[in-house]
Amino acid sequence: IISVRFENTTHKKANSSKYFDIFIWKEDDIAKQLTYISYNLLSNIEDKELISAKFAKKNKEKTSKNVLTLIERFDQLIYFIIEDIYAYDRKRKRAEAIEKWIKIAVKCKEINNFNDCMIITTAFCNYLIKNLKLTWLRVGNSTKNQLEMLKKFCNCQQSYINMKLGINQCIQNNKP
């Protein structure tokens, strides 16, 4: 689902010269493409896949394949982001990659793509990213503040109340 790779010599990745380089793309463009992918995956989900949480039952591969595809993309994108950040061998470049992904998450939130906003935010809660202590020292305070704002928005406490309020606001704004 996320297998696009581009060639460039500014990104060092072991045993590969083809990859996706986030630095050659604008945050808006990446956020829009993520939104397009999410929209396609979400629009394929049928009501019957969600009824009685069929995606959690034994025969889920048959009854909820579209839900499982969305869940698989969630996990793949998290690890793609982690891999992308770790692909840079210098702390400064890793910090820039962290800042770029946080900006992309903010753009996703701005265009009401709460799914990918949550995916990106979840990637930053992974211990592999949290443990980059020397890299985080190079990340700007305003970016760190943006991440904290995103974490509050995507927080599971109180049943994702902030995301629900965001969705309700979208619905209210789109009423005729």
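Residues numbered from 1 in each chain as written. Predicted model: local features only at pLDDT ≥ 70, side-chain atom pairs only at ≥ 80, totals over all residues. Heavy atoms only, no water.

**With respect to the overall build of the protein chain**
Tallying secondary structure elements over the protein chain gives 10 helices and 2 strands in all. Taken from the N to the C terminus, the helices and strands of the protein chain come in the order β-β-α-α-α-α-α-α-α-α-α-α. Across the 176 residues of the protein chain, 36% fall into the buried class. When contacts within the protein chain are restricted to residue pairs at least 6 apart in sequence, those whose partners lie at least 24 apart make up 62%. Counting only carbon and sulfur atoms, one obtains 52% of the accessible surface of the protein chain, whose full area is about 11100 Å². (Helix = DSSP H or I, 4+ residues; strand = E, 2+ residues; numbered from the N terminus. Buried < 20%, exposed > 50% of the residue type's maximum accessible area, 1.4 Å probe, protein only. Contact = heavy atoms within 4.5 Å. Areas by Shrake-Rupley, 256 points an atom, 1.4 Å probe, with all protein chains shown as cover.)

**Topic: the nonpolar core**
The biggest cluster of nonpolar side chains holds 38 residues, and the ones touching the most others in it are I85, W101, I120, F124 and W136. Elements represented by at least two residues in this core include exactly α1 (27–44), α4 (65–86), α5 (91–110), α6 (114–123), α9 (141–153) and α10 (161–173). Looking at this core element by element, the count peaks at 9 residues for α5. When neighbours within four sequence positions are excluded, I120 is seen to be in contact with L34, I81, W101, I104, A105 and C108. (Core = buried A, V, L, I, M, F, W, Y, C linked by side-chain atoms within 4.5 Å.)

**As for the packing of α4 against α6**
The geometry of α4 relative to α6 is characterised by a closest axis approach of 9 Å and an angle of 45° between their N-to-C directions. With respect to α6, the axis of α4 lies oblique. For the crossing formed where α4 meets α6, the hand is right-handed. Between α4 and α6, the residues in contact are L70, R73, F74, L77, I78, I81 and I82 and N115, D116, I119, I120, T122 and A123, respectively. Of the residues assigned to the contact of α4 with α6, the class counts are 9 nonpolar, 2 polar and 2 charged. (Axes fitted to C-alpha atoms, helices over the stretch in contact; angles between N-to-C directions. Parallel < 35°, antiparallel > 145°, perpendicular 65-115°, else oblique. Left-handed = near helix turned anticlockwise from the far one by under 90°. Nonpolar A, V, L, I, M, F, W, Y, C, P; charged D, E, K, R; others polar.)

**Points about α9**
Here α9 contains 13 residues, and its C-alpha end-to-end distance of 18 Å stays within 8% of the 18 Å for a straight helix at 1.5 Å per residue. Turning to α9, its buried residues number three or more, namely T143, L147, L150 and F153. Seen end-on, α9 carries its buried residues on one side only, within an arc spanning 120°. Along α9, exposed side chains directed more than 90 degrees from the buried face belong to N141, S142, N145 and K152. (Expected span 1.5 Å × (residues − 1). Arc of directions from axis to C-beta.)

**A few points about the environment of E96**
Relative to the assigned elements, E96 resides in helix α5. By relative accessible area, E96 is classed as partly exposed at 28%. Residues E96 and I85 lie 11 residues apart in sequence; the distance between their C-alpha atoms is 8.8 Å.

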